[in-house]
Amino acid sequence: MTTECMTETKDFYAIADRCLLSPYDIDAARLQQVLGQILTHHIDYADLYFQYSRSEGWMLEEGIVKSGSFNIEQGVGVRAISGEKTGFAYSDDISMPALVSAAQATRAIANQGGTHSVQVVKRNQMGRQTQLYLPEDPIASLKDADKVALLERLERYTRQLDRRVTQVIASLAGEYEVVLVTRSDGLLAADVRPLVRLSLQVIAEENGRREQGVAGGGGRFSYAYFNDEILRDYAQKAVHQAVVNLDARPAPAGTMTVVLGSGWPGILLHEAIGHGLEGDFNRKGSSAFSGRVGERVAAPGVTVVDDGTIPQRRGSLNIDDEGNPTQCTVLIEDGILRGYLQDSLNARLMDLPVTGNGRRESFAHIPMPRMTNTYMLNGDKDPAEIIASVKHGLYAANFGGGQVDITSGKFVFSAAEAYMIEDGKITYPVKGATLIGNGPDVLTRVSMIGNDMLLDPGVGTCGKEGQSVPVGVGQPTLRIDGLTVGGTGI
C-alpha cells in the first residue's frame, strides 16, 4: 500500500488528491494547463480520468489455498471529443510530461483553434446528502490469515450439509479504487470505491452422476459483511442447487409458459433488454429499441429502471466515470419506452439529458453508456398465485450463462436450476433447459408480475466491447406466456 493513499479522512476529494495528484506535484492549476492545451484545437469536450486501484484474490480448493493474486494499477486517461470523433490516450505514468504528451495526442482529431482557458473548480457532484458507501479499504479490513480462515469456514459449512458434496471451491476478491475526474467545463470530482465478492462452487456426486451448484455475493463494503450467517446461507444455496440437479430429468422442448424466479433471473432482463436501451446503440440505430421512445414495448404493468444510487450495491456509484452523479432512470414505464441510458457523448449527440451511465473498466479505456443496477419493479401478484395459474410450464429459479444479439434482440439463456409446473404445482426438477426468444417480444408476453422484487446477491459483471464493469440485476417473479424452451427431453 502506498503511503499517499493511507488517510483517515472520509472526504473523497482529499483522498484522491493525496493518492493521485500531490505525490506527482500536480494541482488544479496544472490540470487547468493540460485541459487548456487540448482546447487550443476545435474540441467540444475534454476530460482527464485519474485512477488508482489495488485488488486481491484468494481461492481455496480441497481445503488449501491453491491460488492468490495481488495487483496495483494506476494511471490517467486523456480524452478529447470533436463532433462524433474521439481522441484518447492513456499512461500509467502520472506526471506532467506524460499528461502533456497525452493531451497533444488527443487533440490531433481537430483543427487548431484559438486560445482557451479552463477554470478547474472542485464541485460536489454527488447530488445526494449521504455517500452510497464508505471510502474504506476492504483489503486492509481483514488480516490475510483471517481471509483464509473465512474461506475454510465456508468450505466446512458446505461439506457439513450433504455427504454427496465431493468438491468445494471458494474464492474471495476485494478491490480498493480511487478515481478523480476533471473536465473542460471546470468540474473536478472524485470517488473512492470499495468492492468485495465471495463466490462458492460445489460439486455433488451420486451413482456416478456429478452436478454443480453455485452461490455467493458481495457489494461496496468491507469483508466484515461475510459473517457466519451469510456464509451458511451461501453454502445452503449452492448445495441445494447441486443436489436438486442430481435428481433432475431432461428438460422438455417446446413453446410453453415460463415462470422466472425473483432476483438473479433478472440477468435475462439485463442482457435481452438492458443493453438494447444503452444510448450508443440507439444513436447508431443498431438497437431493436431505436426510435421507439413513447411507444409500447412491453405489457402493461412492466416498469424497468436503472438505478445507480442504491447504497452499497455492486453496481452503484456516487459518480459515474465522467464525474456525473448517478441516478434512478426510468427506462420503461407501465410498458411504454421512456428513454435510454446516456453518457456525455451520446447524450450531446442525441440532444438528450445525461443519465450518469458513463462507465469504463479503467483509465486505459474510454467511457461508454453502461448499466448500473437494472431491475423490474414490483407488480401485485403473490408468487404462489403465479405458479398456481400455470397448467403446464417451466419454473426457472436460477440462471447460468446467456447471450444476446443487440440488433435483433434475440437471446439464449441456460437455466441453472429449473422445475416443471404441472396443474399449478412445482413438481420435479429438470436439467438442460434453455430459454430462447427476442428481448422486445418477451416483454410483451409478461402476463403476471409478482410482488417479491429481489435484487441479486452482488455477483454480476457485465461485458461490452471488451470492457468489464460490476453491475446489479433484479426482478420479481414473472409469468411469461409462449416462450420457446430448448431441452433434451420429450
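Before any of the text, the structure's been laid out above.
Scope of this entry: the structure provided in the associated data block. Because the structure is a prediction, the values reported are computed rather than measured. Along every chain, residues carry numbers that run from 1 in the direction the sequence is written. Totals for whole chains, interfaces and linings use every residue, but because this is a predicted model, local features are given only for residues with pLDDT of at least 70 and side-chain atom pairs only at 80 or more, for both listing and counting. Values shown for side chains rest on all heavy atoms present in the structure; no hydrogens or waters enter the calculation.

Some details on the pairing of strand β23 (residues 467-470)
Test applied: At least two bridges found by DSSP between two strands are what make those strands a pair. For helices the rule is a DSSP run of H or I covering at least 4 residues; for strands it is a run of E covering at least 2, with both sets numbered from the N terminus onward.
As defined by bridge partners, strand β22 (residues 461-464) adjoins β23 across 4 bridges and the pair is classed as antiparallel. Following the sheet pairing, Thr-461 is matched in β23 by Pro-470. The hairpin formed by β22 and β23 contains 2 residues between the paired strands, and Glu-465 there has a positive phi angle of roughly 50°.

Overview of a negative patch on the surface
Inclusion rule: Here, patches come from residues exposed beyond 30% relative accessible area and free of salt bridges, joined within 9 Å for like charges and within 5 Å for nonpolar side chains (Val, Leu, Ile, Met, Phe, Trp, Tyr). Per-residue and other accessible areas were derived by the Shrake-Rupley procedure at a 1.4 Å probe size, with only the shown protein chains allowed to occlude residues. The term salt bridge refers to a pairing of a side-chain nitrogen on Lys or Arg with a carboxyl oxygen on Asp or Glu at a separation within 4 Å. Positive charges are assigned to Lys and Arg, negative charges to Asp and Glu, while His and the chain termini are left out of the count. Charged groups are reduced to one reference atom each: NZ for lysine, CZ for arginine, CG for aspartic acid, CD for glutamic acid. Exposed residues in this analysis have more than 50% of their type's maximum accessible area, buried residues have under 20%, and partly exposed residues fall in between, with area computed by a 1.4 Å probe over protein chains only.
A cluster of acidic residues, Glu-73, Asp-92, Asp-93 and Glu-361, forms a negative patch on the protein surface. Of the residues examined, Asp-93 reaches a relative accessible area of 39% and is grouped as partly exposed.

A closer look at the layout of surface pockets
As a reminder, the rule being used: Each cavity reported here is a set of points on a 1 Å grid over the protein atoms alone in which a 1.4 Å probe fits but cannot get out, each pocket an open set with protein on both sides within 12 Å along at least five of seven lines, and each lining residue one with an atom within 4 Å of a point. Grid points are joined across faces, edges and corners, and a volume is the space filled by probe spheres set on the points. Note on residue classes: Ala, Val, Leu, Ile, Met, Phe, Trp, Tyr, Cys and Pro are nonpolar, Asp, Glu, Lys and Arg are charged, and everything else, Gly too, is polar.
The volume enclosed by the largest pocket comes to roughly 890 Å³. Together, 37 residues line the largest pocket, and Gly-216, Lys-237, Trp-264, Asn-398 and Pro-457 are the ones closest to its centre. At the level of secondary structure, the elements contributing two or more residues to the lining of the largest pocket comprise β5 (165-183), β6 (187-206), β7 (209-219), α5 (228-246), β16 (392-404) and β21 (454-455). In terms of residue count, α5 provides more of the lining of the largest pocket than any other element does, 7 residues in total. Per-class residue counts for the lining of the largest pocket are 18 nonpolar, 13 polar and 6 charged. The calculated volume of the second largest pocket comes to roughly 600 Å³. Going through the elements one at a time, β1 (45-61), β2 (64-82), β5, β6 and β23 are the ones with two or more residues in the lining of the second largest pocket. For the lining of the second largest pocket, the per-class residue count stands at 7 nonpolar, 8 polar and 11 charged.

As for the pattern of salt bridges
Within the structure shown, the criterion is met by 29 salt bridges. Of the charged contacts, one joins Arg-193 and Asp-191 as a salt bridge, the two residues approaching to 3.0 Å between their closest N and O atoms. Pair check on accessibility: Arg-193 and Asp-191 agree, each one buried. Between Glu-333 and Arg-338 there is a salt bridge, and its shortest N-O distance comes to 3.1 Å. A relative accessible area of 43% means that Arg-338 is categorised as partly exposed.

Considerations on the sheet that holds strand β11 (residues 328-333)
Just so we agree on the cut-off: Contacts are assigned to residue pairs that have any heavy atoms within 4.5 Å of one another. Between N-to-C directions, angles span 0 to 180 degrees; the directions come from axes that are lines fitted to C-alpha atoms, helices contributing only their stretch in contact.
Pairing within the open sheet is mixed, and its 6 strands lie in the order β12-β11-β10-β15-β24-β21. Strand pairing shows two members of the sheet lacking a second neighbour, β12 (336-337) and β21, which therefore form its edges. Along the sheet face, helix α6 (residues 267-274) touches β10 (304-307), β11, β15 (373-376) and β24 (472-475) and points at about 105° away from the line of β24.

A short note on empty space enclosed by the protein
Applying the stated criterion across every chain yields a total of 2 cavities of 30 Å³ or more. Taken as a whole, the largest cavity encloses approximately 60 Å³ of empty space. As for the largest cavity, its lining consists of Leu-260, Leu-268, Leu-269, Ile-273, Met-376, Val-442, Leu-443, Val-446, Gln-475, Leu-478 and Ile-480. Going through the elements one at a time, α6, α10 (439-444) and β25 (478-486) are the ones with two or more residues in the lining of the largest cavity. Element by element, the count of residues in the lining of the largest cavity is highest for α6, at 3 residues. Class assignment for the residues of the lining of the largest cavity results in 10 nonpolar, 1 polar and no charged. Empty space within the second largest cavity amounts to approximately 40 Å³. In terms of lining residues, the second largest cavity is bounded by Glu-271, Ala-272, Gly-276, Ala-288, Phe-289, Val-404, Asp-405, Ile-406, Gly-409 and Pro-440. Considering only residue class, the lining of the second largest cavity consists of 6 nonpolar, 2 polar and 2 charged.

Here we look at the nonpolar core
Stated precisely, the cut-off is as follows: As used here, the term nonpolar core means buried Ala, Val, Leu, Ile, Met, Phe, Trp, Tyr and Cys residues forming a set that is joined through side-chain atoms within 4.5 Å.
In this structure, Ile-273, Val-302, Ile-332, Leu-394, Phe-399 and Leu-435 are the most contacted members of the largest nonpolar core, which totals 46 residues. Other than its neighbours up to four places away in sequence, Leu-394 contacts Met-256, Thr-257, Val-258, Val-259, Ala-418, Tyr-419, Met-420, Ile-421, Val-430, Ala-433, Leu-435 and Val-485. In this structure, Ile-38, Ala-80, Leu-99 and Leu-180 belong to the second largest nonpolar core, which totals 35 residues.

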